[in-house]
Structures are given as structure tokens and as C-alpha cells.
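Observations on the model geometry
Chain by chain, the residues run as shown.
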Amino acid sequence: MSSFDRRSLLLGLVALPACGFEPVHGTSGSARGLYDQILFEAPNDANSFNLRKQLEDRLGRNDAAPYTMAVSLDLKTENLAITSEQSITRLNVIGTARYQVRRTGTPEVLDTGKVSNFTGYSASGSTVATSSARDDAFERLTTTLADQIVSRLYATSSSWQ
């Protein structure tokens, strides 16, 4: 690293606190204020259950939390690769999660959002392998959507907490 690069890096690090930057996981960051503060509404299917589990893993579980989150999950599968014999060999799973944070026990909506993503899996193996790959793809997708929701909550929670 040249001396110019080092000076630029040091100047950037010195200026960072002055711009109001505060790490989300710092001692007074917004991540600290969210842990165990959200009650997640009951899921209605296996994929929603996995999404809720992922959210609880990241944000904690508290049945007496001051905030409640409702999440609606929309998942669909699309054929991605089809052979000349019309066999499907690869599929995409596309998902959207819409969430709403309310103050527990009230209809007051504090935050809403929508996140989307996709993942894929191969259908070229045996029936058991394809089924396992499909289940894994749905689990990976709900995990990714949960990560996106948590990132958005970290970014917005200081305005509604």
C-alpha cells in the first residue's frame, strides 16, 4: 500500500465519525434496541414457519414484546431450463415477503416493507434428490428473505422505536 493510499484511508476513517456514522451493532446501535423487542405472528405454512424461525434466531423471541410483526410470504416456482425432450432440469424459486411492524395491542403501523429474492435448484437427479433440493431451495430463500428483513429493520428502527 502506498503512502498516498494510507493517508487517504486514515483521512476517511477520521472523517467517518464526523458524518454521523454509527455501527448498527455498536454499543448504542439500532441492532441492540431490537433484540427481544418483536413478537412474530404465527406462521400458516412450513415456509412461513422457517421464515419466522430465522427472524427469531436473529432478533430473539419475546411473547411480551412491545412490537408485533406480521409477514406475508409469496413464493412461486418457475421453470428455468428445459431439455429438447421437454424435461425440466433447473427451477427458480422466487419469493417476496411483505412485513408490517405494529405497536403490540394497537393497530398503529410503525414500519412496512417488502423484500424479494430468488434461488434455484436442479431437477436432474432422482425423485428423492430433486425433492431434497427443492426443500433446501425454499429454506435458503426464506433465510435470505429473513436476512433482508432484519437489515431493513436495523436501518429503520431508530425512526420508530
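Residues numbered from 1 in each chain as written. Predicted model: local features only at pLDDT ≥ 70, side-chain atom pairs only at ≥ 80, totals over all residues. Heavy atoms only, no water.

1. Considering the packing of aromatic side chains
Using the criterion set out here, one finds one aromatic pair in the structure. Ring centres of Tyr-67 and Trp-160 lie 5.1 Å apart, and the angle between their planes is 85°; on these two criteria the pair is classed as edge-to-face. With a gap of 93 residues between them, Tyr-67 in strand β2 (residues 67–82) and Trp-160 in helix α4 (residues 127–160) connect regions that are remote in the sequence. On the basis of relative accessible area, Trp-160 is assigned to the buried category, the value being 7%. (Phe/Tyr/Trp six-rings, centres within 6.5 Å; stacked < 30°, edge-to-face > 60°. Helix = DSSP H or I, 4+ residues; strand = E, 2+ residues; numbered from the N terminus. Buried < 20%, exposed > 50% of the residue type's maximum accessible area, 1.4 Å probe, protein only.)

2. Some details on the side chain of Thr-96
Positionally, Thr-96 belongs in strand β3 (residues 88–103). In terms of polar contacts, Thr-96 uses its side chain to reach the side chain of Ser-116, at 3.1 Å. Beyond its immediate stretch of four places on either side in the chain, Thr-96 contacts Ser-72, Leu-73, Asp-74, Lys-114, Val-115, Ser-116 and Leu-145. (Polar contact = N/O pair within 3.5 Å; in protein donor to acceptor, adjacent residues only side chain to side chain. Contact = heavy atoms within 4.5 Å.)

3. Overview of the sheet that holds β2
Across the sheet, which stays open at both edges, the four strands sit in the order β1-β2-β3-β4 with mixed pairing between neighbours. Of all strands in the sheet, those with a lone pairing partner are β1 (38–40) and β4 (109–122), marking the two edges. In this sheet, adjacent strand axes meet at a mean angle of 25° when their direction is disregarded. Pairing analysis gives three bridges linking β1 to β2, with the strands arranged parallel. Bridge pairing links Ile-38 to Tyr-67 in β2. The strands that helix α3 (residues 46–59) touches are β1 and β2; relative to β2, the one it contacts most, it runs at about 125°. Each of β1, β2, β3 and β4 touches α4; the most contacted strand, β4, lies at about 155° to it. (Pairing = 2+ DSSP bridges. Axes fitted to C-alpha atoms, helices over the stretch in contact; angles between N-to-C directions.)

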